[in-house]
Amino acid sequence: MMQTYLLSLLYLFFGAAFLLADGYGVRFPMLLSLRYHFRTKRWVRVTLIIFGLVITLLLALFPMEPGPVLLGDLIPLLNVLSLAFYYLYLSLKNTEEEGPNDNSVLHATGLYVEHNRRGVGYVTLAVALIHFFIPHFVLI
C-alpha cells in the first residue's frame, strides 16, 4: 500500500530528526522544539507509540511491490519498531521513578538507542533516504 510507504517515510524522518536533535538543535531549532513537545505533551508520546506499532504491522502485512508478500520491507519495519520501542521506553522512563524492568526487551532497546543516539539517528536517516530514493531496493 502506498499510504503505508508514505507513513513509514514520515515516521522514519521524524525519528531521525528526534534522535539527531542534540547534535543539530543549535542549527535547526525546530528539532529541539520536537523534543520539547515529546517531553511535555503526553498525547504526542502516545500518538507516536501507537503510530509506530500500527506502521510496523502494516509494513509486515502490506510491503511495497515487488517485494515478498510477507515482510518485504524488513529493514524499515525493524527500524520503525525500534523507534516505537524507544519512544515507549522514554515515555515510561519519564513516568516511573524507578524505571522499567532491567530484563525487558523494551529496556534493552531503549538503553541501546540512548547510548548510541547519534549513530542510530544516522542509520535511521540512511534507511529513510534509501527507502525514499530506491523503494524497490529495500527488500529482504
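Structural data are supplied above this passage.
All of the points below concern the structure found in this document.

## A few points about helix H3 (residues 29–40)
Item 1. Between the first and last C-alpha of H3 there are 17 Å, a value that for twelve residues agrees with the 16 Å anticipated at 1.5 Å per step.
Item 2. Turning to H3, its buried residues are Leu31, Arg35 and Phe38. Angular distribution of buried residues about the axis of H3 spans 60°; they occupy a single face of the element. Within H3, the exposed residues directed more than 90 degrees away from the buried face are Pro29, Met30 and Tyr36.

## Observations regarding the packing of helix H1 (residues 2–19) against helix H4 (residues 42–61)
Item 1. Relative orientation of the contacting elements H1 and H4 amounts to 135°, with a least axis distance of 10 Å. The pairing of H1 with H4 is recorded here as oblique in orientation. H4 is crossed by H1, and the crossing has left-handed handedness. Across the interface between the two elements, Thr4, Leu7, Ser8, Tyr11 and Phe14 from H1 touch Leu48, Phe51, Gly52, Ile55, Leu58 and Leu59 from H4.
Item 2. Looking at side-chain class alone, the contact of H1 with H4 contains eight nonpolar, three polar and no charged residues.

## Some thoughts on a nonpolar patch on the surface
Item 1. On the surface, a cluster of nonpolar side chains totalling about 470 Å² of accessible area is made up of Leu129, Ile130, Phe132, Phe133 and Ile134.
Item 2. Its location among the elements puts isoleucine 130 in helix H7 (residues 117–133).

## Topic: the environment of threonine 40
Item 1. Structurally, threonine 40 can be placed in helix H3.
Item 2. Looking at threonine 40, the relative accessible area reads 43%, which means it is partly exposed.

## Re the packing of aromatic side chains
Item 1. Evaluation of the coordinates by the stated rule reveals eight aromatic pairs.
Item 2. Aromatic pair phenylalanine 18 and phenylalanine 38: ring centres 4.9 Å apart, planes at 65°, arrangement edge-to-face. On the criterion of sequence distance, the pair formed by phenylalanine 18 in helix H1 and phenylalanine 38 in helix H3 is long-range, its members being 20 residues apart. In this structure, phenylalanine 18 and phenylalanine 38 share a single accessibility class: buried.
Item 3. Feature note: the residues Tyr11, Phe14, Phe18, Phe38, Tyr86 and Tyr87 constitute an aromatic cluster, connected by ring pairs.

## As for the nonpolar core
Item 1. Tyr11, Phe38, Tyr86 and Tyr87 are the most contacted members of the largest nonpolar core, which totals 24 residues.
Item 2. Among the secondary structure elements, those contributing two or more residues to this core are H1, H4, helix H5 (74–95), helix H6 (105–115) and H7.
Item 3. For this core, the element with the highest residue contribution is H5, accounting for eight residues.
Item 4. With near-sequence residues (within four places) excluded, tyrosine 86 lies in contact with Phe18, Leu19, Gly110, Val113, Glu114 and Arg117.

Definitions and limits used
Residues numbered from 1 in each chain as written. Predicted model: local features only at pLDDT ≥ 70, side-chain atom pairs only at ≥ 80, totals over all residues. Heavy atoms only, no water. Helix = DSSP H or I, 4+ residues; strand = E, 2+ residues; numbered from the N terminus. Expected span 1.5 Å × (residues − 1). Buried < 20%, exposed > 50% of the residue type's maximum accessible area, 1.4 Å probe, protein only. Arc of directions from axis to C-beta. Axes fitted to C-alpha atoms, helices over the stretch in contact; angles between N-to-C directions. Parallel < 35°, antiparallel > 145°, perpendicular 65-115°, else oblique. Left-handed = near helix turned anticlockwise from the far one by under 90°. Contact = heavy atoms within 4.5 Å. Nonpolar A, V, L, I, M, F, W, Y, C, P; charged D, E, K, R; others polar. Patch = residues over 30% accessible without salt bridge, like charges linked within 9 Å, V, L, I, M, F, W, Y side chains within 5 Å. Areas by Shrake-Rupley, 256 points an atom, 1.4 Å probe, with all protein chains shown as cover. Salt bridge = Lys/Arg side-chain N within 4 Å of Asp/Glu carboxyl O. Phe/Tyr/Trp six-rings, centres within 6.5 Å; stacked < 30°, edge-to-face > 60°. Core = buried A, V, L, I, M, F, W, Y, C linked by side-chain atoms within 4.5 Å.

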